[in-house]
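Structural overview for review
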Amino acid sequence: MTHPFLDLAPLSAAHFASIEDRVARLLDTRQDVVIMQGEALLPLEGAIRGTAGPDTTALNVITGPYGKTFGDWLRDCGATVIDLAVPFHTAVTAAQVRQAFAEHPEIDFVSLVHAEAATGNTNPVAEIGEVVREHGALFYLDAVASIGAEPVLPDAWGVDLCVIGAQKAMGGPAGVSAVSVSERAWARMAANPGAPRRSYLSLLDWKERWVDGGRKALLHAPAQLEMLALEACVERIEAVGLGTVMARHACAAAATRAGAIALGGGLEPYVHDAAEAAPVATTLRTPSGVVASDLVARALASDPALPLAAGGGALAAEMIRVNHYGADATAGAVQGCLAALGAALAEQGRGVDLEAARRGAEDAWH
């Protein structure tokens with residue numbers, strides 16, 4: 001059989017490099033950008049294993065589940081890890097990071113998640129970056145969820161390793177991802193005897209065989225469909241403007257939060273301070289006696305396409321995620337989620353005001 005997705009001309013090295021250049025412009029960075037041929041966990045793990053070793057003392061900020069994963073990888077590399085954990089309903093502050101440096105001046109690596117789609121918080125990377133820069137530590141940032149929903153500026157913020165994925169706010173594919181790498185980070189990898197080499201995890205392979213070679217020959221056959229989808233995704237963002245895309249996500253977050261508060265029924269924002277809430281997704285806490293996963297199942301029974309999910313793991317009992325990102329960062333998706341949650345709460349005998357929720361979300365969309 002033939003299919004338009006199968007009969008494609010090979011993706012050339014020049015075409016691959018041009019997509020990298022467009023991603024670099026999206027990040028407003030002059031650093032090297034490498035598009036890796038896998039989901040974002042590939043560069044997230046590769047960047048840590050490439051730069052961390054037994055001589056590393058890492059400050060690992062935990063504001064959600066990914067922070068714990070990063071700490072595990074760092075320990076696997078033999079690094080000394082200092083975990084800075086804050087409650088998932090809040091964000092870390094630059095003052096807390098500064099205090100960690102005061103207590104442990106030997107810190108030379110900082111790992112941080114920008115926006116936690118899993119918990120709904122976002123961290124003040126610009127302010128934290130200033131503190132990290134003052135102490136000369138290498139700064140590693142997971143911006144997978146935040147890119148497209150809020151500013152991500154690795155150069156301006158002093159980020160040495162900034163990993164992004166297209167599957168959330170960018171509205172693109174999950175099968176490829178990218179990382180911007182500073183000269184300091186490349187030097188750290190080159191000096192690290194434990195950095196992966198001749199490995200799918202290896203960023204050094206991309207540096208030596210792709211970047212240093214003038215981006216003339218690819219390491220291996222690219223994930224062609226995903227690369228073309230990433231190019232189309234970036235083209236779409238360029239056409240409407242990144243600012244417009246980010247504004248749409250901010251409106252969706254504000255509308256969801258306002259609508260949930262107006263809805264009543266005991267539903268309330270999981271992240272207490274609106275300034276610390278991520279624009280990529282809004283998390284909500286269910287009232288006592290209402291299991292979040294059950295409520296989500298009832299809500300999705302009316303419309304399985306709604307961007308609703310229960311929290312992961314233990315959070316499934318108390319947290320609902322409204323994943324208003326990408327194509328779902330719309331007023332219609334927000335209103336649909338609020339209406340379905342309101343109906344599900346009403347079924348359980350909770351007093352809700354669907355009209356107030358509708359008006360609240362509509363008024364907050366600005």
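Described in the following lines is the structure provided in the data block. (Residues numbered from 1 in each chain as written. Predicted model: local features only at pLDDT ≥ 70, side-chain atom pairs only at ≥ 80, totals over all residues. Heavy atoms only, no water.)

**Re the sheet that holds strand S1 (residues 32–36)**
Note the following rule: Following DSSP output, two strands are said to pair if at least two bridges run between them. Secondary structure elements are defined from DSSP: runs of H or I of at least 4 residues count as helices, runs of E of at least 2 residues count as strands, and each element is numbered from the N terminus. Axis definition: a line fit to C-alpha positions, over the contact stretch in the case of helices; interaxial angles, taken between N-to-C directions, run 0 to 180 degrees. The contact criterion used is simple: two residues touch if any of their non-hydrogen atoms lie within 4.5 Å.
Spatially, S1-S9-S8-S7-S4-S2-S3 is the arrangement adopted by the 7 strands of the open sheet, whose pairing is mixed. This sheet does not close on itself; its edge strands, each paired only once, are S1 and strand S3 (80–85). Between one strand axis and the next, the sheet turns by 15° as a mean value, whatever way the strands run. The strands touched by helix H1 (residues 13–27) within the sheet are S1, strand S8 (161–165) and strand S9 (177–181), with S1 carrying the most contacts at an inclination of about 120°. Helix H5 (residues 125–135) contacts strand S4 (109–113) and strand S7 (138–142) of the sheet and is inclined by roughly 160° relative to S7.

**Remarks on the environment of proline 269**
The residue proline 269 is located in strand S10 (residues 268–269) in this model. With 13 residues separating them in the primary sequence, proline 269 and threonine 282 have C-alpha atoms 7.6 Å apart. For proline 269, the contacting residues outside a window of four places in its chain are Arg257, Ile261, Thr283, Leu284 and Arg285.

**What to know about the packing of H1 against helix H9 (residues 224–240)**
Let me state the cut-off plainly: In what follows, roughly perpendicular refers to angles from 65 to 115 degrees, roughly parallel to angles under 35, roughly antiparallel to angles over 145, and oblique to any angle outside these ranges. Definitions for this section: a left-handed crossing has its near helix turned counterclockwise from the far helix by less than a right angle. A right-handed crossing has that turn clockwise. Amino acids outside the nonpolar list (Ala, Val, Leu, Ile, Met, Phe, Trp, Tyr, Cys, Pro) and the charged list (Asp, Glu, Lys, Arg) are all regarded as polar, and Gly is one of them.
Running from amino to carboxyl end, H1 crosses H9 at an angle of 40°, the nearest separation of the two axes being 10 Å. By the angle between their axes, H1 is oblique relative to H9. The crossing of H1 and H9 is left-handed. Residue-level inspection shows His15, Phe16, Ile19, Arg22, Val23, Arg25 and Leu26 of H1 in contact with H9, the latter providing Met227, Leu228, Leu230, Glu231, Val234, Glu235, Ile237 and Glu238. Of the residues in the contact of H1 with H9, the class split is 9 nonpolar, 1 polar and 5 charged.

**Regarding the packing of aromatic side chains**
What describes a pair of aromatic rings is the distance from one ring centre to the other and the angle between the planes of the rings. Keep this limit in mind: Between the rings of Phe, Tyr and Trp (Trp by its six-membered ring), a pair exists once the centres lie within 6.5 Å; its type follows the angle of the planes, with under 30 degrees stacked, over 60 edge-to-face, and the other angles tilted. Accessibility here uses a 1.4 Å probe with only protein chains present; expressed as a share of the type maximum, an area under 20% marks a residue as buried, one over 50% as exposed, and anything in between as partly exposed.
Counted under the stated rule, the structure contains 7 aromatic pairs. Where phenylalanine 16 meets tryptophan 206, the ring centres are 5.9 Å apart and the plane angle is 15°; that geometry is what we call stacked. With phenylalanine 16 in helix H1 and tryptophan 206 in helix H8 (residues 203–211), this residue pair connects regions lying 190 residues apart in the sequence. Comparing phenylalanine 16 with tryptophan 206 shows no difference in burial state: the two are buried. Between phenylalanine 109 and tyrosine 140 the ring centres are 5.9 Å apart and the planes differ by 35°, which places this aromatic pair in the tilted class. Taken together, the positions of phenylalanine 109 in strand S4 and tyrosine 140 in strand S7 put the pair 31 residues apart, joining distant regions of the chain. The exposure classification of phenylalanine 109 matches that of tyrosine 140, with both residues buried.

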